[in-house]
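Each chain, letter by letter, is given below.
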Amino acid sequence: MLDLLVTHATLPDGRSDVSIAVQDGRITEVTEGLQAPAHETVDAGGLLVSPPFVDAHFHMDSTLSYGQPRVNQSGTLLEGIALWGELKPQLTHDAIVQRALTYCDWAVAHGLLAIRSHVDTSDPSLLPVQALLDVKQRVAPYLDLQLVAFPQDGVLRSPGGLDNLTRALDLGVDVVGGIPHFERTMAQGAESVKILCELAARRGKRVDMHCDESDDPLSRHVETLAHETHRLGLHGRVAGSHLTSMHSMDNYYVSKLIPLMAEAQLGVVANPLINITLQGRHDTYPKRRGMTRVPELMAAGLTVAFGHDCVMDPWYGGGSADMLEAAHMGLHVAQMTSQAAMLQCFDAVTVNPARLLGLEGYGLQAGCHADFVLLHARNPVEAIRLRATRLAVYRRGRKVASSPAPVAMLDLPGRPGNVAFLAG
Ligand code: FE2
């Protein structure tokens, strides 16, 4: 007897009337029309069953701190960094843990079961690192938390920056981070990329750097990141986050850059909610959108994910742990409204970030972990349109969250919907 059988599911690839069989926390079979005895049977009723959402870029040490010690008056990136600097001396281990655990609850409720979070390593106490390592252990039964050692104040610019980051890795942080555009000069930024990639190569770590997060069309750190990745043989293990400068770069230069990035199999993380609000702030009109060139990078074969980046913190007062919100914004900002591109936006918050994180057993195939989400939508495009309700969230074959079906209808245009009473 199976532990769990989900019937009449529609999958993101368009297959319908699919059954998903689960035993011992793993998917054993994904077959059209399968019926078999199970301890629990869930009829999906033709609705979408997706692998869980994955966030490739988040800051869990600062999340839910909005208003502490004050709100960001200008709403800009630089005031956000300054504000984080004001908050840091007031941080406590317990406060970070409690905020992070609350956020992880929100995440699970939204079917978000894997998060790569940057953690600030700038302070020699490594207080945020210790707190998030604690959180990582506590949430492990229901959420994969991958941590990136992130030198917010610059690994070369701040005294002891490299030493602090290295000690964070010693404590068990998974990924090497960086922030080359915040170093003092372009040359020091490039030097930081080289040092950090070499550190990752020596330790067998993945890399994920905040890179070129500005509107400067001449920022060149992603070029250095691609070069170091290629030189050190780190292909497929390195991601560049934000890359907002690419929005403003010269088109000829980008025509050379993207093939270099593809050669290095660089991962890319755009953060649509944050990029659209923080970039272009020095513009009059027209104001740049500031998001990197997502469709062009995808067309070149790069793995591109949409991250949430911030939720109610010094940089951004919005957000809700809903990756469909990030996909919805990404679709609009990048004008990804073709049928194929809208499906790519769904991939950008599911399979693509899972690949960047190197998640084992992710997906809806036999042998994968029985982690999936039943959505109140019939396909990925509708899921993005509605930011669809997560009717049920499963982790290792066990239901970890559920929500009642909303009033919002799934009717096609031209059909009577549940607002028909308004006409009467
Ligand atoms: Fe970030």
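Computed from a predicted structure; not experimentally measured.

Draft legend 1. Summary view of the coordination of the iron ion. Surrounding the iron ion are the protein donor atoms His57 (NE2), His59 (NE2), His210 (NE2) and Asp309 (OD), which sit 2.2 to 2.5 Å from the metal. Note that the iron ion binds four donor atoms; their angles at the metal cover 85 to 175°, and the shape is irregular. All donor residues of the iron ion come from one chain, and their arrangement in sequence is H-x1-H-x150-H-x98-D. Overall, the relative accessible area of 0% leaves His57 in the buried class. Taking the relative accessible area as the measure of exposure, His59 reaches 7% and is therefore buried.

Draft legend 2. View of the environment of Tyr285. Examined against the element boundaries, Tyr285 turns out to sit in the loop between helix H9 (272–278) and helix H10 (294–299). With relative accessibility at 71%, the residue Tyr285 sits in the exposed group. Spatially, the C-alpha atom of Tyr285 lies 35 Å from that of Glu191, the residues being 94 residues apart in sequence.

Draft legend 3. Molecular detail of the nonpolar core. With 104 residues, the main nonpolar core has Met60, Val135 and Met261 as its most contacted residues. Among the elements that take part in this core, helix H2 (residues 93–109) stands out by supplying eight residues, more than any other. Summarising the domain contributions, this core has at least three residues from each of domain 1 (2–51 + 363–422) and domain 2 (53–357). If we skip the residues at most four places from it in the chain, Met261 touches Val222, Ala226, Leu243, Met246, Leu266, Val268, Leu297 and Leu302. Within the second largest apolar cluster, 21 residues are counted, among which are Val22, Leu47, Val49 and Leu374.

Draft legend 4. Layout of the domain arrangement of the chain. For the chain, the assigned domains are domain 1 (2–51 + 363–422) and domain 2 (53–357). On a C-alpha basis, the centroid separation for the pair domain 1 and domain 2 is 30 Å. Ranking the residues of domain 1 by area buried against domain 2 places Ile384, Arg390 and Arg395 at the top, with a combined share of 40%. Put simply, Arg390 and Asp322 hold a salt bridge, and the shortest N to O gap is 2.9 Å. At the junction of domain 1 and domain 2, the tally comes to six residue pairs in polar contact (both at pLDDT 80 or more). Looking at the side of domain 1 that touches domain 2, the elements that each hand over two or more residues are strand E14 (372–375), helix H14 (380–386), strand E15 (390–395) and strand E16 (398–402). Per-element tally for the side of domain 1 that touches domain 2: the top contributor is H14, with five residues. Tallied by class, residues from the side of domain 1 that touches domain 2 come to 14 nonpolar, one polar and six charged.

Draft legend 5. Quick peek at the sheet that holds strand E4 (residues 38–43). Taken in spatial order, the four strands of this open sheet run E3-E2-E1-E4, and their pairing is mixed. Across the chains shown, the open sheet's two edge strands, defined by having one partner strand only, are strand E3 (26–32) and E4. On average, adjacent strands in this sheet sit at an angle of 15° to one another, irrespective of strand direction. Of the pairings in the sheet, the one linking strand E2 (residues 18–23) to E3 comprises six bridges and is antiparallel in character. Paired with Ile20 across the two strands is Val30, which belongs to E3.

Draft legend 6. Quick peek at the pairing of strand E1 (residues 2–9). The element E1 is extensively covered by neighbouring structure, given that six of its eight residues are classed as buried. The sheet contact formed by E1 and E4 spans five bridges and is parallel. Within the sheet, the bridge partner assigned to Thr7 lies in E4 and is Asp43. Bridge count between E1 and E2: four bridges; the pairing is antiparallel. Following the sheet pairing, Leu5 is matched in E2 by Ala21.

About the thresholds
Residues numbered from 1 in each chain as written. Predicted model: local features only at pLDDT ≥ 70, side-chain atom pairs only at ≥ 80, totals over all residues. Heavy atoms only, no water. Donors = N, O, S within 2.8 Å, 3.2 Å for Na, K, Ca; no water. Tetrahedral: all angles 85-135°; square planar, octahedral: opposite > 155°, others 65-115°. Buried < 20%, exposed > 50% of the residue type's maximum accessible area, 1.4 Å probe, protein only. Helix = DSSP H or I, 4+ residues; strand = E, 2+ residues; numbered from the N terminus. Core = buried A, V, L, I, M, F, W, Y, C linked by side-chain atoms within 4.5 Å. Domains from an automatic or database assignment. Contact = heavy atoms within 4.5 Å. Buried area = accessible area lost by both parts, 1.4 Å probe. Salt bridge = Lys/Arg side-chain N within 4 Å of Asp/Glu carboxyl O. Polar contact = N/O pair within 3.5 Å; in protein donor to acceptor, adjacent residues only side chain to side chain. Nonpolar A, V, L, I, M, F, W, Y, C, P; charged D, E, K, R; others polar. Pairing = 2+ DSSP bridges. Axes fitted to C-alpha atoms, helices over the stretch in contact; angles between N-to-C directions.

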